[in-house]
Amino acid sequence: MIPVCRLEDLPAGESVRLDLEPPIAVFNADGELYAIDDTCTHQDASLAEGWLEGCLVECPLHAASFDLRTGRPTCLPARKAVRTHPVSVLDGTVWVHVESAQPVPATAPHATAAGQGSAA
Amino acid sequence: MRTITVIGASLAGLHAALALRTQGYDGRLVIVGEEHHRPYDRPPLSKEFLTGALTADRLSLADAEEIAELDADWLLGTRAEGLDPPSRTVALADGRKLSTDGVVLATGAVPRTLPGEPLAGVHTLRTLDDAAALREELSRGQVRVVVIGAGFIGAEVASSCATLGHSVTVVEAAAQPLLPQLGARMAAFCADLHTDHGVTLLTGTGVRALHPEPGRSAAADGGRGRVGWVELADGRFLPADVVVVGIGVQPATGWLQGSGLVLDDGVVCDAGGATPVPGVVAVGDVARRAGHRAEHWTSAMEAPAVAVRNLLAGTTVETYSAVPYFWSDQYGIRLQLAGTTSAADTVRVVEGSPEDRSFLARYERDGATTAVLAANRPRPFTRARRELSREGGLAPV
Ligand SMILES: Cc1cc2nc3c(=O)[nH]c(=O)nc-3n(C[C@H](O)[C@H](O)[C@H](O)COP(=O)(O)OP(=O)(O)OC[C@H]3O[C@@H](n4cnc5c(N)ncnc54)[C@H](O)[C@@H]3O)c2cc1C
Ligand code: FES
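Cut-offs and rules
Residues numbered from 1 in each chain as written. Chains lettered and ligands numbered in written order. Predicted model: local features only at pLDDT ≥ 70, side-chain atom pairs only at ≥ 80, totals over all residues. Heavy atoms only, no water. Helix = DSSP H or I, 4+ residues; strand = E, 2+ residues; numbered from the N terminus. Buried < 20%, exposed > 50% of the residue type's maximum accessible area, 1.4 Å probe, protein only. Contact = heavy atoms within 4.5 Å. Areas by Shrake-Rupley, 256 points an atom, 1.4 Å probe, with all protein chains shown as cover. Rg over C-alpha atoms; globule rule 2.2 N^0.38 Å. Lys, Arg positive; Asp, Glu negative; His and termini not counted. Charge placed at Lys NZ, Arg CZ, Asp CG, Glu CD. Buried area = accessible area lost by both parts, 1.4 Å probe. Salt bridge = Lys/Arg side-chain N within 4 Å of Asp/Glu carboxyl O. Polar contact = N/O pair within 3.5 Å; in protein donor to acceptor, adjacent residues only side chain to side chain. Near = heavy atom within 4 Å. Nonpolar A, V, L, I, M, F, W, Y, C, P; charged D, E, K, R; others polar.

### Notes on the overall build of chain A
Working step 1: For chain A, the helix and strand inventory stands at zero helices and 11 strands.
Working step 2: Taken from N to C terminus, the helices and strands of chain A fall in the order β-β-β-β-β-β-β-β-β-β-β.
Working step 3: Across the 120 residues in chain A, those meeting the buried criterion constitute 47%.
Working step 4: By sequence separation, contacts in chain A at least 24 residues apart represent 43% of the contacts at least 6 residues apart.
Working step 5: With the model as given, the accessible surface of chain A reaches about 5500 Å², and the carbon-plus-sulfur share is 52%.

Structure follows, in structure tokens:
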């Protein structure tokens, strides 16, 4: 488990980027917390800098959109999913449980939905 | 339609083919491409590919599985030489003639070149082969590079060459780089990016001629001689080992002369990509859609879905009117521009500052925002770009 920040430092609509290898982005989408690999699967852009709308994040470079719950792209040009990581909140601190660094299968659906932490 | 032929196997052609299948077209699909490569992405050619950060295998626009699913006949390394709408045939350079019911024109654009015999060491940059040749020359130790033209491609090449440790001079005929695209204030910002990174920028002077290196056997360079000097219009001579000519592109329409299509800085088509000739649509950099021709990656990717819907419908049932969007990476800075700027616009920096190399600026005319430009401000830029789309009041210039 990796500490991200205090919950109050990640208000709804905001995101943080964890400088890990590979980097991870944590989002507060209207109160639900999600973590995904930060680097867009299309090319080199940081999804933490993307545009958040509902539980979709739009890549800042070519506007591929990813579903934070599954990591899967909802439109081109991205064709591969980003990995998702479970998030939890303990005593007001946001934690992410980094999944092992296995690449996501290109098309196979995820075995489980993304872990969600409630910010409520 | 039983056969549809896509001419041009790059970004726009591939996305036309993908969209045809997505929209249920299950007839024969033929893709003709002059290059030998399967569709690959061009923007990295002047950026990460040139610096070596990205290799050619990472540029592919479709993997083996997607190619297989497309179920198309690929005629690569094959140039189309002519289109004859009455007989519905496409003539290929190897003498074959293809019969087809529908045609998607996606031949893109080709770089402008300087007049005169080409010398070794002088490059343009459009294709993977161009980029590989340039990269090869840049890998032989430190060289003196002269980039002619300070547009987006020229600036990116200069930036990549500076990153590789070469000594770089950029020559621009206009008083400032990107002046018509960005206006004086933002052009000054772009000029500073060059000088910040030790690149010499010479503006307000054109190039008169390129001269070979004296005393070197031309036989070593295939009889052409190798470039040694760039002569400027103001009489100065710049020593050069490698010259990159980045003076813009022109739409690849030469092969369509006599086809009956209207050619005027591109294939003239309506806002849905349909040409006046039934069964023929145009997409990407070659298309002059509703009076405007874009040279932008995003529209080359998005507009084909609309054009092929109109092709399948036999008439224009949908138009493509997204706000133009373009990005450029230079000197570690990501510039993003959405909308249509004009010389009459007032430029207002609304976040950050050019001095800090991070800002968002709005272009305004008659109280309305016509465009937004950002440097290293991706998130506010995306918000502004979306607002611009929602307002939707942008008339193409
Ligand atoms: C170095 C570089 C960097 C760029 N960077 C950016 C950027 O940062 N941001 C951005 O928005 N855009 C950028 N662009 C522009 C973007 O790549 C183009 O808008 C896009 O490639 C257009 O796609 P297209 O399919 O219409 O044309 P093209 O990519 O030009 O492809 C046309 C294809 O048709 C083939 N062809 C031509 N004539 C014939 C014929 N007669 N028969 C058969 N085949 C033919 C050509 O060989 C080519 O493969 C860049 C372009 C280049 C070259
Ligand atoms: S890098 Fe994200 S869509 Fe291209």
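From this point, the narrative continues.
### Section: the overall build of chain B
Working step 1: When you go through chain B residue by residue, the secondary structure sums to eight helices and 25 strands.
Working step 2: Against the globule reference of 21 Å for 397 residues, chain B gives a C-alpha radius of gyration of 22 Å, in line with a compact fold.
Working step 3: Referenced to the eigenvectors of the C-alpha coordinate spread, the extents of chain B come out at roughly 60 × 60 × 40 Å.
Working step 4: Of all intrachain contacts in chain B linking residues separated by at least 6 positions in sequence, the fraction that spans at least 24 positions is 61%.
Working step 5: Counting only carbon and sulfur atoms, one obtains 50% of the accessible surface of chain B, whose full area is about 16800 Å².
Working step 6: If you average the places of the 37 positive and of the 46 negative side-chain charges in chain B, the two averages end up 2 Å apart.

### Some details on the interface of chain B and chain A
Working step 1: Contacts between chain B and chain A engage 21 residues on the former and 22 residues on the latter.
Working step 2: For the chain B and chain A pair, buried surface summed over both sides reaches about 1800 Å², with 47% attributable to carbon and sulfur atoms.
Working step 3: Summed over the shared surface of chain B and chain A, the number is four salt bridges.
Working step 4: Its salt-bridge partner being Glu58 of chain A, residue Arg386 of chain B comes within 2.5 Å of it at the nearest N-O pair.
Working step 5: Remark: the boundary between chain B and chain A carries 11 residue pairs in polar contact (both at pLDDT 80 or more).
Working step 6: Sorting the residues of the side of chain B that touches chain A by element identifies helix H3 (64-70), helix H7 (297-313), strand E21 (325-330), strand E22 (333-339) and helix H8 (378-391) of chain B as the ones contributing at least two each.
Working step 7: The element contributing the most residues to the side of chain B that touches chain A is H8 of chain B, with six residues.

### Digging into the site of ligand 1
Residue and element names in this part refer to chain B.
Working step 1: In the vicinity of ligand 1 there are 32 residues, among which Ser10, Glu35, Arg42, Lys47 and Arg126 approach most closely.
Working step 2: Separating an oxygen atom of ligand 1 from a backbone N or O atom of Trp327 is a distance of 2.9 Å.
Working step 3: Taken by itself ligand 1 offers 1000 Å² of open surface, and the protein chains cover 96% of this.
Working step 4: Where the shell around ligand 1 is concerned, the elements lending two or more residues are helix H1 (11-22), helix H5 (152-163), H7 and E21.
Working step 5: When its residues are assigned to classes, the shell around ligand 1 shows 14 nonpolar, nine polar and nine charged.

### Re helix H4 (residues 128-138) of chain B
Working step 1: All of the buried residues along H4 of chain B are Leu128, Ala131, Leu134, Glu137 and Leu138 of chain B.
Working step 2: Contact partners of the buried residues in H4 of chain B: helix H2 (48-51), strand E9 (122-123), strand E10 (144-148), H5 and strand E16 (242-245) of chain B.

### Comments concerning the side chain of Ser328 of chain B
Residues and elements named next belong to chain B.
Working step 1: With respect to the element layout, Ser328 can be found in strand E21.
Working step 2: Judged by relative accessible area, which is 0%, Ser328 ranks as buried.
Working step 3: Within polar-contact distance, the side chain of Ser328 engages the side chain of Gln330 at 3.1 Å.
Working step 4: In contact with Ser328, not counting residues within four places along its chain, are Phe152, Glu156, Ile333, Arg334 and Leu335.

### Section: the pattern of salt bridges
Working step 1: All chains considered together, the criterion is met by 32 salt bridges over all chains.
Working step 2: Between Asp63 of chain B and Lys80 of chain A there is a salt bridge; the shortest N-O distance is 3.9 Å. One end of the pair, Asp63 of chain B, is in the loop between H2 and H3; the other, Lys80 of chain A, is in the loop between strand E7 (65-67) and strand E8 (84-85), on a second chain.
Working step 3: The class for Asp63 of chain B is partly exposed, based on a relative accessible area of 26%.

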